[in-house]
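# Chains, contacts and geometry: an overview
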Amino acid sequence: SPARILQHILEKVWTLNPTDRDMIVMWHKVVYELNNERRGLESSLVCEGKDSKHTAMAQTVGLPLGIACKLILQEKIKNTGCILPTTSDLYLPILKELETFGIVFKEKETTP
């Protein structure tokens, strides 16, 4: 299938060598209005992988999922069904625990 062909190609090209490391860089710029005043916010994250097995991609994908599972088992997340992590009761405790792993979003207010 086309998906398997693409997977085969990508696995050859994107395979990390043992000494390779990856890096995740995120930057969000948000402009909003509050009390008739335009405001801005920039949020950034940089996460470096340790090696070809302990990658930044694995940390930024696997850790939030593992933390969410733990919080569900501890009954700290009570939502059921298929839910998006866009409400503060879900993302705030996950982001807080990610900080213990050194994964931190840095935020600063800006002038739009």
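Preceding this paragraph is the structure being described.
## Points about the nonpolar core
I24, L45, C47, A56, I67, A68, L71, I77, L90, I94, L98 and I103 form the largest nonpolar core, which has twelve residues in total. Broken down by secondary-structure element, the contributors of at least two residues to this core are β2 (37-48), α2 (56-73) and α3 (88-99). Ranked by residue count, the leading element in this core is α2, at four residues. Once residues lying within four places of it in the same chain are set aside, the contact partners of I103 are L45, C47, Q59, T60, L63 and L98.

## A short note on the sheet that holds strand β3 (residues 106-110)
Strands in a sheet are paired, the pairing made by backbone hydrogen bonds, and the direction either parallel or antiparallel. Ordered in space as β1-β2-β3, the three strands form an open sheet in which the pairing is antiparallel. A strand with exactly one partner marks an edge of an open sheet, and here the two such strands are β1 (23-34) and β3. For this sheet, the mean angle separating the axes of adjacent strands, direction not counted, is 15 degrees. Relative to β3, β2 is paired through five bridges, and the arrangement is antiparallel. Bridging across to β3, G40 finds its partner in T110. Against the sheet, α2 contacts β1 and β2, and its axis sits at roughly 120 degrees relative to β2.

What counts, and where the lines are drawn
- Residues numbered from 1 in each chain as written.
- Predicted model: local features only at pLDDT ≥ 70, side-chain atom pairs only at ≥ 80, totals over all residues.
- Heavy atoms only, no water.
- Core = buried A, V, L, I, M, F, W, Y, C linked by side-chain atoms within 4.5 Å.
- Buried < 20%, exposed > 50% of the residue type's maximum accessible area, 1.4 Å probe, protein only.
- Helix = DSSP H or I, 4+ residues; strand = E, 2+ residues; numbered from the N terminus.
- Contact = heavy atoms within 4.5 Å.
- Pairing = 2+ DSSP bridges.
- Axes fitted to C-alpha atoms, helices over the stretch in contact; angles between N-to-C directions.

In short, geometric facts, not functional conclusions.
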